[in-house]
Every structure is written in C-alpha cells, then in structure tokens.
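Summary of the model geometry
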Amino acid sequence: MSRLQQTDGLTEEQTELIKLVREFVDEQIIPVATELEHKDEYPQAIVDGMKEMGIFGLMIPEEYGGLGESLLTYALCVEEIARGWMSVSGIINTHFIVAYMVLQHGTEEQKQHYLPKMATGEIRGAFSMSEPGCGSDVSAIKTKAVKGDDGGWTINGQKMWLTNGGSANLVAVLVKTDTGVDSVYRNMTTFLIDKESGFGETAQGVTVPGKIDKMGYKGVDTTELVFDGHRTTDAQILGGEPGKGFYQMMDGVEVGRVNVAARGCGVARRAFELGVSYAQQRETFGKKIVDHQAVLFRLADMAVKVEAAHEMMVKAARKKDSGERNDLEAGMAKYLASEYCSQVVEDSFRIHGGYGYSKEYEIERLYREAPMLLIGEGTADIQRMIIGRRLVEDYKLKS
Ligand SMILES: Cc1cc2nc3c(=O)[nH]c(=O)nc-3n(C[C@H](O)[C@H](O)[C@H](O)COP(=O)(O)OP(=O)(O)OC[C@H]3O[C@@H](n4cnc5c(N)ncnc54)[C@H](O)[C@@H]3O)c2cc1C
C-alpha cells in the first residue's frame, strides 16, 4: 500500500470502507478507465458497482437509507475513486452536493421523497448555477422563475455546464425570483426539477440539448439545460420558501470544494505512482532515469505536494464534520490541491518523456483531466479571493 496519503485517527469502519473502495478502483476502474475515456463512453458498469457498494448514499443518514458516513469518509473515498478515474468521481460529486442540500435545507417531505431513492442511486442529482454568461459571478444569473396568479411558477432561461445534466433525473437549479427584498442574493431560489435522464425534452419545458464536447473529463456528461415555460410549484422550492437559494447553493459548494480537493489529491497520487514507476524502468546514459538526481528530486517534490494537499483536504473535511464553518479551509484545500495536482501531473508527464504524449500512456489522460480542477467549484482565483477576504476579516486592525 502507498505510504502517501495515509490518514491518522480513522475508525475501523472507515479504514475498511476505504480499503474496499481502493480494491474496487484497482480491479474495476483503472484497467478500463483510459479506454472508456478515449471513447467518451459512460462507465455504466462502474456506476452499477458503486450503486451496489452504497457509494451514492455514503453521506445520507441511515434513517433515509444511506450509510450515514462523515464528509471525511466521503472525501477519502472520492480521493481513491479519482485516483482511478476523475470522471467517475464527477458522477458522484453533483449527486452528493444535491443530496447534502436536500438533507440540510429540504422540507421533511422533500427529504422523505428524495433521499431514500438518492441513497440507492435510483434518483441521481445534478447541480446547476452556471449560465452561458456567468460562472464566478453567481449574482448575474438571468434564468428566472415568475409566480402566477394561480400560485404556480414558470421558469425561463438557460443554464450551462451541468455535470451529469443528461444522466441525472433531479436537478437543483438556482434561479432569480422577485421576493421584493432589496438584495440580489435574497432574490434567488433553488428549485428541485424532476426530469427524465437522457437528452431532448426531458420534462415539460426542460430541454437538455446534448453533451458538450470537452478536452478531458470524458465519459461523464456535461450539458446545457434550457427552460422554456417550465411550470412548477412551491412544493419544488428547496426548503419550501423562496429567497434562500443563494445561501443553500453556497453551502453545497463548500462541501463540493472539499470534494474537488479530494479529487485533486487522487489524481496527483496516480500521477506520482505513474512517474515513480516509469522512472525505475526507463534508462538513459547507462542508468535508470530515477538515478539521475534531477528526476529523483522531481519525484520528491511531487510526493511532498501529494502529501501536503491530502493533509489540507483532511483538515477541511474534519472542520465541516465538527459542525464548524469551513469556507476558509475548503477554499485553501481546493486551491492547493488543484494547483498541486496540475503541477504533479505536469512533472509526471515530463518524466515520461515522449511517451507521455502518447495515448497509450495513462498520464496523457491525466494531463487533459487535471485542468478542470482549476476551474470547477470556483476557479483558483476565486478561491484566492475567498481566502484573502476571510483572512482580512480575521486579522482586521483594531483602530
Ligand atoms: C467540465 C466542467 C463542469 C462543470 N460543472 C458544473 C456544474 O455541474 N454546475 C455548475 O453550476 N457549473 C459547472 N461548471 C461551471 C464552473 O463552475 C464555471 O466554469 C466556473 O465557476 C468559472 O466560471 P466561468 O467559466 O463563467 O468563468 P468566468 O467567471 O467568466 O471567469 C473567467 C476568468 O476570470 C477570472 N475571474 C472572474 N471573476 C474574478 C474576480 N472577481 N477576481 C479575479 N478573477 C476573476 C476567473 O478566475 C477566470 O480565470 C463546470 C465547468 C466545467 C468546465
């Protein structure tokens, strides 16, 4: 077992579960990941295996049919899964955010209705804030829900970049609503949209046009979502009351950031493993390249980054599990893990020489996947903004 990314203080149950996931990754994901990714094929058999293991309900409480595990356990499982293939962790990430939001902010009816089926993977969640015109600046969203005289709502607008937008049958979507309050943030509402999985008109007035063709992160579908007079009711507002959507989404994104950090850790560890293995096989100038000090130092730098990102990610997860706000730690973990992941993947690519550029070598896939982590759940610069502002609050000068 790898000496890197060991976590102190885990219970026996956590250790067992993570071991199980690691074995699943080694046996069921790594051997097929690159081929499926090159074909941009949805990993249905892997998803079925994860359903059986209860991965879709990992953090859903036992009373709703899940395993009731902590964010830390979840993040450590994600780290293992991403080590096998980042796209597979993408399949569970938005599902997990939506389940978390329903659990934290939903009405009891919404919890009873959605969570047991989300725990089994029968209902699968997508999370939708971004639009063609905005991602970082959430306050600029234009998709709007208007309440009619009959008490129902009509939604119009266009959403962008929905991970699992096609395969999900539940979308938590952030829209503008006019609550009469003088605050852009309190005029936003999260609606729970039930739809069929697939493409085309998947519910009345809800169209998923098709998959966005991406440079990496293939296999998992990323889509647009078009609302054209979609009719819905108060019962589909998360928590039952309009005007709370922005805060609900930000809460979801906070746990999502720990998850993206965990993905960065997993991808970085795989890149290290590939690099350290290749370096002991390839010979130049009469010796293994690992025996050239430049390569050895590169591996050492990679391992330090793999380890540091893991520690930061675990700290952020534990903070949230303790019930404390973790925006600072989650921002730091996401920023550090995604930047380090990018650097470690680049270093491993360099160790592979020309072969790193060949589709036959796994590092080529990782090289196309890593940049997504710099963007999703808030870009690196947005994390720096959050970290900086939060610290200036904490270190405010007393005048
Ligand atoms: C593969 C993929 C999957 C995704 N999945 C989802 C999903 O499931 N759900 C969802 O809602 N969204 C999703 N997104 C969208 C993602 O969250 C956004 O792309 C991201 O938030 C950045 O928004 P943007 O693309 O509009 O870039 P912009 O906000 O236009 O930013 C462009 C550049 O400007 C910088 N910038 C912007 N504002 C500032 C500022 N104030 N200070 C400094 N720099 C700034 C950014 O850092 C970036 O470098 C996904 C994106 C991708 C690529």
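Residues numbered from 1 in each chain as written. Predicted model: local features only at pLDDT ≥ 70, side-chain atom pairs only at ≥ 80, totals over all residues. Heavy atoms only, no water.

**Re the pairing of strand E4 (residues 170–176)**
- Burial analysis of E4 places seven of its seven residues in the buried class, which makes it a mostly covered element.
- Of the two faces of E4, the one carrying Leu170, Ala172, Leu174 and Lys176 and the one carrying Val171, Val173 and Val175 are both buried.
- Pairing analysis gives four bridges linking strand E1 (residues 125–128) to E4, with the strands arranged parallel. Within E4, the residue paired with Phe127 across the bridge is Ala172. (Buried < 20%, exposed > 50% of the residue type's maximum accessible area, 1.4 Å probe, protein only. Helix = DSSP H or I, 4+ residues; strand = E, 2+ residues; numbered from the N terminus. Pairing = 2+ DSSP bridges.)

**Examining the UniProt feature "domain: Acyl-CoA oxidase/dehydrogenase middle" (unreviewed entry) in the protein chain**
- Mapped onto the present numbering, the UniProt feature "domain: Acyl-CoA oxidase/dehydrogenase middle" (unreviewed entry) falls at residues 126–228.
- Span residues 126–228 is 0% helix and 45% strand, its end C-alpha atoms 19 Å apart. (UniProt positions renumbered as here; feature names shortened; annotations may be inferred.)

**Quick word on the UniProt feature "domain: Acyl-CoA dehydrogenase/oxidase C-terminal" (unreviewed entry) in the protein chain**
- In the numbering used here, UniProt assigns the feature "domain: Acyl-CoA dehydrogenase/oxidase C-terminal" (unreviewed entry) to residues 243–391.
- Spanning residues 243–391, this segment combines 73% helix with 3% strand, and its end C-alpha atoms are found 28 Å apart.

**Thoughts on the state of the cysteines**
- Taken as a whole, this structure holds zero disulfides when the rule is applied.
- Cys77 forms no disulfide, and the closest cysteine sulfur to it belongs to Cys265, at a distance of 14 Å. (Disulfide = S-S within 2.5 Å.)

**Concerning the site of the ligand**
- As a structural note, the neighbourhood of the ligand is formed by 19 residues, with Ser130, Ser136, Trp161, Thr163 and Thr379 the closest of them.
- In the complex, 64% of the free accessible area of the ligand, which totals 970 Å², lies under the protein chains.
- Taking a 2 Å distance to the grid points as the criterion, the majority of the atoms of the ligand fall inside the largest pocket.
- Going through the elements one at a time, E1, strand E3 (153–163) and helix H10 (380–394) are the ones with two or more residues in the shell around the ligand.
- In the shell around the ligand, the residues fall into ten nonpolar, seven polar and two charged.
- Residues from two domains meet in the shell around the ligand; each of domain 2 (125–242) and domain 3 (247–394) gives at least three. (Near = heavy atom within 4 Å. Areas by Shrake-Rupley, 256 points an atom, 1.4 Å probe, with all protein chains shown as cover. 1 Å grid on protein atoms, 1.4 Å probe; cavity = no way out; pocket = protein on both sides within 12 Å on 5 of 7 lines; lining within 4 Å. Sits in = over half its atoms within 2 Å of the grid points. Nonpolar A, V, L, I, M, F, W, Y, C, P; charged D, E, K, R; others polar. Domains from an automatic or database assignment.)

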